[in-house]
Amino acid sequence: AQSVTQLDSHVSVSEGTPVLLRCNYSSSYSPSLFWYVQHPNKGLQLLLKYTSAATLVKGINGFEAEFKKSETSFHLTKPSAHMSDAAEYFCVVSAYTGRRALTFGSGTRLQVQP
Amino acid sequence: DGGITQSPKYLFRKEGQNVTLSCEQNLNHDAMYWYRQDPGQGLRLIYYSQIVNDFQKGDIAEGYSVSREKKESFPLTVTSAQKNPTAFYLCASTRESNQPQHFGDGTRLSIL
């Protein structure tokens with residue numbers, strides 16, 4: 001079985017300050033992990049992915065995430081928030097369970113204050 | 001550009017009516033998925049298909065049906081048996097299971 005827990009349902013930061021979105025996972029298999037972003041009434045766009053190569057993963061728009069197996073975490077960070085970063089963010093785990101489907105966290109809504 | 005096209009963007013259903021949501025992809029992906037998204041929740045898997053003419057139930061398949069007659073197309077029918085169909089529906093596809101899924105822009109279904 002696999003599961004994903006996003007520890008904050010809502011995060012608010014000021015423009016230009018760092019962003020931290022927290023994600024813990026559990027999986028019986030070696031997982032692939034992803035972060036997606038969703039803007040209102042849109043589909044999900046891939047930010048970055050971890051697939052057992054480097055533990056520090058760089059993504060688009062200045063985001064990065066670090067895979068920590070000992071802590072079963074995959075937190076998303078960005079050094080300096082921009083107004084356009086305001087959106088919903090989903091942490092996702094994929095592990096072969098015979099079903100080949102993704103398990104989504106419940107999402108973190110990021111608000112960026114001017 | 002390759003991608004996934006979902007239509008319509010907005011859809012309204014009357015009581016007792018079946019409605020069909022369209023999903024087409026030109027990415028040459030084998031696997032396709034349907035998810036349901038409710039406010040404040042993550043995505044839940046309705047159905048998925050790993051190959052043409054084959055599909056499997058996901059976590060919340062009751063009240064829904066699908067077909068996969070062509071590689072490019074994976075339509076979802078919301079039947080009258082689905083008593084709470086109001087949600088945002090997302091279609092996705094991928095080449096391999098450990099690779100990211102590509103998503104369409106969704107269809108928002110509401111009840112009249």
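I will try to describe carefully the structure that is included in this document.

Scoring rules and cut-offs
- Residues numbered from 1 in each chain as written.
- Chains lettered and ligands numbered in written order.
- Predicted model: local features only at pLDDT ≥ 70, side-chain atom pairs only at ≥ 80, totals over all residues.
- Heavy atoms only, no water.
- Helix = DSSP H or I, 4+ residues; strand = E, 2+ residues; numbered from the N terminus.
- Rg over C-alpha atoms; globule rule 2.2 N^0.38 Å.
- Buried < 20%, exposed > 50% of the residue type's maximum accessible area, 1.4 Å probe, protein only.
- Contact = heavy atoms within 4.5 Å.
- Disulfide = S-S within 2.5 Å.
- Buried area = accessible area lost by both parts, 1.4 Å probe.
- Salt bridge = Lys/Arg side-chain N within 4 Å of Asp/Glu carboxyl O.
- Polar contact = N/O pair within 3.5 Å; in protein donor to acceptor, adjacent residues only side chain to side chain.
- Nonpolar A, V, L, I, M, F, W, Y, C, P; charged D, E, K, R; others polar.
- Pairing = 2+ DSSP bridges.

## Considerations on the overall build of chain A
Piece 1. A count of helical and extended segments in chain A gives 0 helices and 12 strands.
Piece 2. When the helices and strands of chain A are listed from N to C terminus, the series reads β-β-β-β-β-β-β-β-β-β-β-β.
Piece 3. Computed over C-alpha atoms, the radius of gyration of chain A comes to 14 Å, within 12% of the 13 Å expected from 2.2 N^0.38 for 114 residues, which places it in the range of a compact globule.
Piece 4. Considered along the principal axes of its C-alpha atoms, chain A spans approximately 45 × 30 × 20 Å.
Piece 5. Split into buried and exposed, the 114 residues of chain A put 44% on the buried side.
Piece 6. Within chain A, residue pairs in contact and separated by at least 24 positions form 57% of the contacts whose partners lie at least 6 positions apart.

## Quick notes on the overall build of chain B
Piece 1. Each helix and strand counted, chain B has 0 helices and 11 strands in total.
Piece 2. Along the chain direction, N to C, the helices and strands of chain B fall in the order β-β-β-β-β-β-β-β-β-β-β.
Piece 3. The C-alpha atoms of chain B give a radius of gyration of 13 Å, which matches the 13 Å a tight globule of 112 residues would have.
Piece 4. C-alpha extents for chain B along the principal axes are approximately 35 × 25 × 25 Å.
Piece 5. Buried positions account for 49% of the 112 residues belonging to chain B.

## Side note on the state of the cysteines
Piece 1. Across all of its chains, the model carries 2 disulfides over all chains by this definition.
Piece 2. Disulfide pairing places Cys23(A) opposite Cys91(A) at an S-S distance of 2.0 Å. Across the disulfide from Cys23(A) to Cys91(A), rotation about the S-S bond amounts to roughly -70°, and the bridge is consequently left-handed. Of this pair, Cys23(A) sits in strand S4 (residues 23-27) while Cys91(A) sits in strand S10 (residues 87-94), and the two are 68 residues apart along the sequence.
Piece 3. Looking at Cys23(A), the relative accessible area reads 0%, which means it is buried.
Piece 4. A relative accessible area of 0% means that Cys91(A) is categorised as buried.
Piece 5. Residue Cys23(B) pairs covalently with Cys91(B) via a disulfide, S to S 1.9 Å. Judged by the torsion about the S-S bond (-75°), the Cys23(B)/Cys91(B) disulfide is left-handed. Here Cys91(B) lies in strand S9 (residues 87-94) and Cys23(B) lies in strand S3 (residues 19-25), a separation of 68 residues in the sequence.
Piece 6. Classification of Cys91(B) by relative accessible area gives buried; the value is 0%.

## A closer look at the interface of chain A and chain B
Piece 1. Residue-level contacts link 21 residues of chain A with 24 residues of chain B.
Piece 2. For the pair chain A and chain B, the two sides together bury roughly 1,900 Å², of which 50% comes from carbon and sulfur.
Piece 3. Counting across the interface, chain A meets chain B through 1 salt bridge.
Piece 4. Counting across the chain A and chain B interface gives 5 residue pairs in polar contact (both at pLDDT 80 or more).
Piece 5. Those elements that provide at least two residues to the side of chain A that touches chain B are strand S5 (32-38), strand S6 (44-50), S10 and strand S11 (102-104) of chain A.
Piece 6. By residue number, the principal contributor to the side of chain A that touches chain B is S5(A), which donates 4 residues.
Piece 7. In terms of residue class, the side of chain A that touches chain B is made up of 8 nonpolar, 9 polar and 4 charged.

## Side note on the side chain of Arg36(B)
Residue and element names in this part refer to chain B.
Piece 1. Summarising the element assignment, Arg-36 is placed in strand S4 (residues 31-37).
Piece 2. A distance of 2.9 Å separates a polar atom in the side chain of Arg-36 from a polar atom in the side chain of Tyr-64.
Piece 3. A polar contact is formed between the side chain of Arg-36 and the backbone oxygen of Thr-86, at a distance of 3.4 Å.

## Examining the pairing of strand S6 (residues 54-57) of chain B
Piece 1. Inspection of the sheet shows strand S5 (residues 43-51) of chain B paired to S6(B) by 3 bridges, in the antiparallel sense. Paired with Ile51(B) across the strands is Asp54(B), a residue of S6(B).

By themselves these figures say nothing about function.
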